[in-house]
Amino acid sequence: MTSDSPANNNVASRALVEWVAESARLTQPANIVWCNGSSAERERLLGEAVKSGVLIRLNQRKRPGCYLHRSNPNDVARTEQVTFVCTPSAHEAGVTNNWMAPDEAYRKLQKMLEGSMRGRTMYVIPYVMGPVGSPYAKIGVEITDSIYVALSMGIMTRMGDSALSMLGDSDHFNRGLHCTLDLNPERRFICHFPQDNTIWSVGSGYGGNALLSKKCFALRIASWLGRNEGWLAEHMLIVGVRNPEGHTRYIAAAFPSACGKTNLAMLLPPPALRGWKVFTVGDDIAWLRVGPDGRLWAINPENGYFGVAPGTSARSNPNAMRMLGHDSIFTNVGMTPDGDVWWEGMDVEPPSDLLDWHGRKWQAGGGERAAHPNSRFTTPITNNPVLSPHVEDPCGVPISAIVFGGRRATTAPLVLEAKDWLHGVFIGATMGSETTAAAAGKVGVVRRDPMAMLPFAGYNMGDYWRHWLAMESRITEPPRIFMVNWFRKADNGAFLWPGYGENLRVLKWMLDRIDGQVAGRPTFLGTVPEPAEIDLSGLEIAPEQLSHALAVKTGEWKAEMASAGELFDRIGPSVPEELRRLHRELSSSLESGAT
Ligand code: GTP
Ligand code: SPV
Ligand code: MN
């Protein structure tokens, strides 16, 4: 059954129908399925995915509506080395992106796409990023030959007829063409064409490579659109924090992949912080715009969470454990004999006869992990017990604080407030973090990851920083900017700070700063808390441990500034002069010991 247009025939976008036809001529699918987003369609696709072995139905009594997917073992994480920004000039992409000329990229991938869907089904997936009908929302359409991608997009985005209705007869939508090919890493490319609002992705079925709404559209292409249109697309969670007086403030926080965004966005307050409550607006991506009132407002463009499974437990993230009870897809986790899921850090004894993420019998203590370190869950936002009531607000929520954080065993203090917007942008621009299993490659290597956007900024990093600096003058009440690090370690290798729900204590200090309740202690880089300013009620932490977590050490920061200077040199003349100057000032004050 091949159809040239959706079944209900309400599509008026000729541009869409033509693009689908053109893609079908290229890839030659046996069938074309236009996804309408209905629950009947979802049930049918789930049934087909189980039948073809793409999904395994989990224990429906324990986890109704839940499924397990095992990916090809060579396809378990984003592949940054084969991700390209294909702008007309290499300079527009900048040195932090891989660049290919657009015609070369189209030609190269076109060859791979010719006839690539023969005998397969092509799914046409119209979707909205952001609340349907919101002036801040954007429309994309993904074409894919992966039923796993189609089902995942149904969770991660507002997918189907609502997107077609919103599109109407417009030709203004992101065109994402995805084909798994034979999953040969040699033929794996993720190419972005910002000028054409187009993404071509081949050779991978993995989340960030294949769910084109997410990193490809909502960050790489959207960051480019945002620069042109005067807004920001960021790798940020958005969390609402309500104090016991009932006042809710919103914080947007950028941490690199697998560095704690999902966990912070849905944390459960420690019992001693009575009356505090946290609401999730978003866990991975924020689109930030200046509202008519001059404040910075944020929406979460997504409709689901694609979260890291390992480390998620009833203790670390009880809200996540609750939302994973139903209607979720798990990828590359372990499976128990009774059809339930298991992963490292779940805080549950592994049963015997556990199958690992390959589907092989797993031996406890055998040195192999049952779940892949980057195994994930895909779950609708509506599963989240602490979902913000404002998640569908067309203009989002007003942001009081922006936070930049990384995973650092040393150097970065638990929390620090930047002196002003420029210092805050500098802190974001120069932040470092240890690499994680979310991207293929070595884990645990510190790299500069500006604003947690190193793999996601869709244009020249220097221009991106310039855009950040330029935003300040347009915001009447700019959010205060902070740095955090939940991952500093003691000499014995243990985390200094308990993290997870206890991180609320740090958010509380930020709000106290905003309210002028605490003075903090100045350092050369910004203000850190006096230990007594952090609410430690109900928490046992040795004073030396806390002061180590808060320390800003000159020697460590000299090395940090040297590394930041190397990044600036690599990016070259497009680095804004204000950031260069601040770098010189901070470096020389460190050298002269005037800190
Ligand atoms: P992406 O989805 O890749 O963008 O990741 P993320 O930033 O949402 O990270 P997530 O919250 O999924 O956390 C990643 C890993 O860090 C998980 O294994 C968590 O258990 C762990 N983690 C999260 N928050 C904390 C924390 O406060 N302290 C410690 N020690 N670990 C944490
Ligand atoms: C990340 O790697 O930052 C993720 C997962 O959120 S992915 O969607 O694969 O990029
Ligand atoms: Mn992410």
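Quantities reported herein were computed from a predicted structural model and do not represent experimental measurements.

### Digging into the sheet that holds strand β22 (residues 376-380)
- The strand order β2-β3-β19-β22-β18 describes an open sheet built from 5 strands, whose pairing is mixed. Of all strands in the sheet, those with a lone pairing partner are β2 (56-57) and β18 (304-308), marking the two edges.
- The pairing of β18 with β22 spans 5 bridges and is antiparallel. Looking across to β22, one finds that G304 is bridged to P380.

### Notes on the layout of surface pockets
- Taken as a whole, the largest pocket spans an internal volume of roughly 1000 Å³.
- Forming the boundary of the largest pocket are 50 residues, of which A258, C259, G260, V308 and R407 lie nearest the centre.
- Where the lining of the largest pocket is concerned, the elements lending two or more residues are α8 (213-229), α9 (261-265), β18 and β22.
- Sorting elements by how many residues they give to the lining of the largest pocket places α9 first, with 4 residues.

### Overview of helix α5 (residues 147-156)
- Counting buried positions along α5 gives 9 out of 10 residues, so the element sits mostly inside the fold.
- Among all positions of α5, only I147, Y148, V149, A150, L151, S152, M153, I155 and M156 are buried.
- The backbone nitrogen of Y148 lies 3.3 Å from a side-chain oxygen of the residue at the head of α5, namely S146.

### Focus on the domain arrangement of the protein
- One can read the domain layout of the protein as domain 1 (2-34 + 75-229), domain 2 (55-69 + 305-383) and domain 3 (234-300 + 391-591).
- On a C-alpha basis, the centroid separation for the pair domain 1 and domain 2 is 29 Å.
- The partner domain 2 presents 16 residues to the 12 residues of domain 1 that form the contact.
- Counting across the domain 1 and domain 2 interface gives 0 salt bridges.
- Viewed at the interface, domain 2 and domain 1 are joined by 4 residue pairs in polar contact (both at pLDDT 80 or more).
- Mapped onto the side of domain 1 that touches domain 2, the elements with two or more residues apiece are α5 and α7 (207-210).
- The element contributing the most residues to the side of domain 1 that touches domain 2 is α5, with 5 residues.
- Here the side of domain 1 that touches domain 2 is built from residues that sort into 7 nonpolar, 3 polar and 2 charged.

### Quick look at the environment of L113
- Checked against the element boundaries, L113 lands in helix α4 (residues 102-113).
- For L113 and S213, which are 100 residues apart along the polypeptide, the C-alpha to C-alpha distance reads 20 Å.
- Other than its neighbours up to four places away in sequence, L113 contacts L26, T27, L177, C179, W200 and V202.

### What to know about the side chain of E80
- Mapping E80 onto the fold places it in the loop between β3 (67-69) and β4 (83-85).
- When its relative accessible area of 19% is taken as the criterion, E80 is described as buried.
- Beyond its immediate sequence surroundings of up to four residues, E80 is in contact with N98, A439, R447 and P455.

### Describing the pairing of strand β16 (residues 286-290)
- Of all the 5 residues making up β16, 5 are buried; the element is thus mostly covered by neighbouring parts of the structure.
- Here β16 shows a buried face lined by A286, L288 and V290 and a second buried face lined by W287 and R289.
- Two strands pair when backbone bridges link them, and β16 and strand β17 (residues 296-299) are joined in this way by 4 bridges, in the antiparallel orientation. Bridged to R289 within β17 is W297.
- Counting the residues that bridge the hairpin from β16 to β17 gives 5 residues, and of these G294 lies at a positive phi of roughly 85 degrees.

### Considerations on the site of ligand 2
- In the region of ligand 2, 13 residues are neighbours, and R78, Y206, G208, K215 and S257 sit closest.
- One of the side-chain N or O atoms of R78 is found 3.0 Å from an oxygen atom in ligand 2.
- Within the side chain of Y206, a nitrogen or oxygen atom sits 2.8 Å from an oxygen atom of ligand 2.
- Expressed as a share of its isolated accessible area of 280 Å², the protein-covered part of ligand 2 is 98%.
- Structurally, ligand 2 is housed in the largest pocket.
- If you list the elements that add at least two residues to the shell around ligand 2, you get α7 and α8.
- Here the residues of the shell around ligand 2 are counted per class, giving 4 nonpolar, 4 polar and 5 charged.
- Here the shell around ligand 2 gathers at least three residues from each of two domains, domain 1 (2-34 + 75-229) and domain 3 (234-300 + 391-591).

Procedures and definitions
Residues numbered from 1 in each chain as written. Chains lettered and ligands numbered in written order. Predicted model: local features only at pLDDT ≥ 70, side-chain atom pairs only at ≥ 80, totals over all residues. Heavy atoms only, no water. Pairing = 2+ DSSP bridges. Helix = DSSP H or I, 4+ residues; strand = E, 2+ residues; numbered from the N terminus. 1 Å grid on protein atoms, 1.4 Å probe; cavity = no way out; pocket = protein on both sides within 12 Å on 5 of 7 lines; lining within 4 Å. Points joined across faces, edges and corners; volume = space filled by probe spheres on them. Buried < 20%, exposed > 50% of the residue type's maximum accessible area, 1.4 Å probe, protein only. Polar contact = N/O pair within 3.5 Å; in protein donor to acceptor, adjacent residues only side chain to side chain. Domains from an automatic or database assignment. Contact = heavy atoms within 4.5 Å. Salt bridge = Lys/Arg side-chain N within 4 Å of Asp/Glu carboxyl O. Nonpolar A, V, L, I, M, F, W, Y, C, P; charged D, E, K, R; others polar. Near = heavy atom within 4 Å. Areas by Shrake-Rupley, 256 points an atom, 1.4 Å probe, with all protein chains shown as cover. Sits in = over half its atoms within 2 Å of the grid points.

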